[in-house]
Amino acid sequence: HGPDICPNTLKDIFVSALSDDNWKEAGHRPSTSLRQDALAYVRRDPACDKLLEPILFYKGYAAVVCHRVAYHKWHHDLQQHKRKSYVALWLQSQASAAFGVDIHPAATIGCGFMMDHATGIVVGETATIGDGCTILHGVTLGGTGKEKGRDRHPKVGKDVLIGAGTQVLGNIMVGDGAKIGAGSVVLRSVPHGTTAVGVPARVVGWAREKRPGSSVDMRLLDVVTAVGGGVGGGSETPINEISTEQEERESKTVSTESLTSLTLSSSTEHVAKTTEEDEDSDDQQAKDKHIHRDKLEHENDDVNEKEVAFTVNANVDTANETTDKFYLCRMKALEVMKYKRIKEAVDDGLPSMMFQQTLMYPLPKT
């Protein structure tokens, strides 16, 4: 199976695009951008020791080279022929299949751009990326909506750092010098120089460094904690207050040994005092509970005897004519007694065995 396009033709396309100084992407000539891209790997990637390594072996750099050429062909055909460039789309397709990086030819990318590991990166048609940015694997600069020609993708500023697996969706702004933590989902604009993390992403502080895209602080250690504001599902108010609690704590440090001994002694005294108080409280509660239960039992017995006696006597007075009516009244009285004892058992939370025993108590004599 032969190649889809003539190698010599493909070579001419690359040479003409990279040597054309009249076409610029993000204000830079293609040759200048590719030179700065290669230097970015050497400066930021600890695994890269020589300039030749990204040029020969890094698929992130190879994908950027293909994009620079595709960008040139895309805009050249739009200006000259007022149509899309199938060559640019073919280059995008081949780069996506070979390197796992899908960058639309119309997307604009500045110089000094590094895609670390690069696998799974997606950049939409109307997206823009500023100079000096670093993007890790699995990042999506995606759009929302399906209207053709609509500006629907993110606009990333200069010197921005975007962590692995981050999803930036919609026509939003990521300000210059911003940092976005790994795995975040950014749905609203991120102010300049701030750090955003989470799902949805929220601003958690300010970046200490001036160029986060070059320092690649993926652990977010160089972040000053901020109070207020938020991004993605929260308020869009900029953060104006910076916490100084850490500096105050550092100025009032206490030695570890004295703090430990003080904590142990205070903890021992607190445990002993708490134990004594708990024992006294338990004894008193048990006594109160016992007295209260005895009182309720006596009151219930008195009430039940009076109610049953009253019911039986009243029924006997009205049933003197026949013995059958008398026994009928006795049965009704028994049902009343059983009902009251069942209700008491349920209210007291008695177990089923004790509940059955309450039905076996004899009626008081009338």
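A few points on the structure. Note that the structure is a prediction, hence the values are computed from the model and not measured.

**Quick look at the packing of helix α1 (residues 7-18) against helix α4 (residues 59-81)**
Then step 1. Orientation of α1 relative to α4, taken along the N-to-C sense of each, is 80°, at an axis distance of 9 Å. In terms of their interaxial angle, α1 and α4 are classed as roughly perpendicular. Each of Ile13, Phe14, Ser16, Ala17 and Leu18 in α1 lies in contact with α4, whose residues at this interface are Val65, Cys66, Val69, His72 and Lys73.
Then step 2. Grouping the constituent residues of the contact of α1 with α4 by class yields seven nonpolar, two polar and one charged.

**So, helix α2 (residues 30-44)**
Think of an α-helix as turning once every 3.6 residues; residues three or four places apart then point the same way.
Then step 1. The end-to-end C-alpha distance of α2 is 21 Å, a good match for the 21 Å that 15 residues give at a rise of 1.5 Å each.
Then step 2. Among the residues making up α2, those that are buried are Pro30, Thr32, Ser33, Leu34, Asp37, Ala38, Ala40, Tyr41 and Arg44.
Then step 3. Lining the buried residues of α2 we find α1, α3 (52-57), α4, β3 (114-116), β6 (134-136) and α6 (212-215).

**Let's talk about the pattern of salt bridges**
Oppositely charged side chains may form a pair once their charged atoms are brought near each other.
Then step 1. Across all of its chains, the model carries eight salt bridges by this definition.
Then step 2. For Asp151, the salt bridge is made with Lys155, and the minimal N-O distance between the two is 2.6 Å.
Then step 3. The class of Asp151 is partly exposed, set by a relative accessible area of 37%.
Then step 4. Judged by its relative accessible area of 13%, Lys155 is buried.

**Some points on the packing of aromatic side chains**
Then step 1. Tallied over the entire structure, the rule returns two aromatic pairs.
Then step 2. Relative to Tyr58, the ring of Tyr41 lies with its centre 5.5 Å away and its plane at 70°, an arrangement referred to as edge-to-face. Within this pair, whereas Tyr41 is found in helix α2, its partner Tyr58 is found in the loop between α3 and α4, the two being separated by 17 residues in sequence.
Then step 3. Judged by centre distance (6.3 Å) and plane angle (85°), the ring pair of Tyr41 and Tyr61 falls under edge-to-face. With Tyr41 in helix α2 and Tyr61 in helix α4, this residue pair connects regions lying 20 residues apart in the sequence. One exposure class covers both Tyr41 and Tyr61, and it is buried.
Then step 4. Among the aromatic residues, those joined into a ring-pair cluster are Tyr41, Tyr58 and Tyr61.

**What to know about the packing of α4 against helix α5 (residues 86-99)**
Then step 1. Axis separation between α4 and α5 bottoms out at 8 Å; the angle between their running directions is 170°. As far as their axial angle goes, α5 and α4 are roughly antiparallel. In contact with Lys59, Ala62, Ala63, Cys66, Val69, Ala70, Lys73 and Trp74 of α4, α5 contributes Val87, Ala88, Leu89, Leu91, Ala95 and Phe99.
Then step 2. Across the contact of α4 with α5, the residue classes tally to twelve nonpolar, no polar and two charged.

**A closer look at the side chain of Thr166**
Then step 1. Looking at where Thr166 falls in the secondary structure, it is placed in the loop between β9 (161-162) and β10 (167-169).
Then step 2. Only 3.1 Å separates the side chain of Thr166 from the backbone oxygen of Gly181, close enough to count as a polar contact.
Then step 3. Apart from the residues within four sequence positions on either side, Thr166 is in contact with Gly138, Val139, Thr140, Ile180, Gly181, Ala182, Gly183, Ser184 and Val186.

Rules used in this analysis
Residues numbered from 1 in each chain as written. Predicted model: local features only at pLDDT ≥ 70, side-chain atom pairs only at ≥ 80, totals over all residues. Heavy atoms only, no water. Axes fitted to C-alpha atoms, helices over the stretch in contact; angles between N-to-C directions. Helix = DSSP H or I, 4+ residues; strand = E, 2+ residues; numbered from the N terminus. Parallel < 35°, antiparallel > 145°, perpendicular 65-115°, else oblique. Contact = heavy atoms within 4.5 Å. Nonpolar A, V, L, I, M, F, W, Y, C, P; charged D, E, K, R; others polar. Expected span 1.5 Å × (residues − 1). Buried < 20%, exposed > 50% of the residue type's maximum accessible area, 1.4 Å probe, protein only. Salt bridge = Lys/Arg side-chain N within 4 Å of Asp/Glu carboxyl O. Phe/Tyr/Trp six-rings, centres within 6.5 Å; stacked < 30°, edge-to-face > 60°. Polar contact = N/O pair within 3.5 Å; in protein donor to acceptor, adjacent residues only side chain to side chain.

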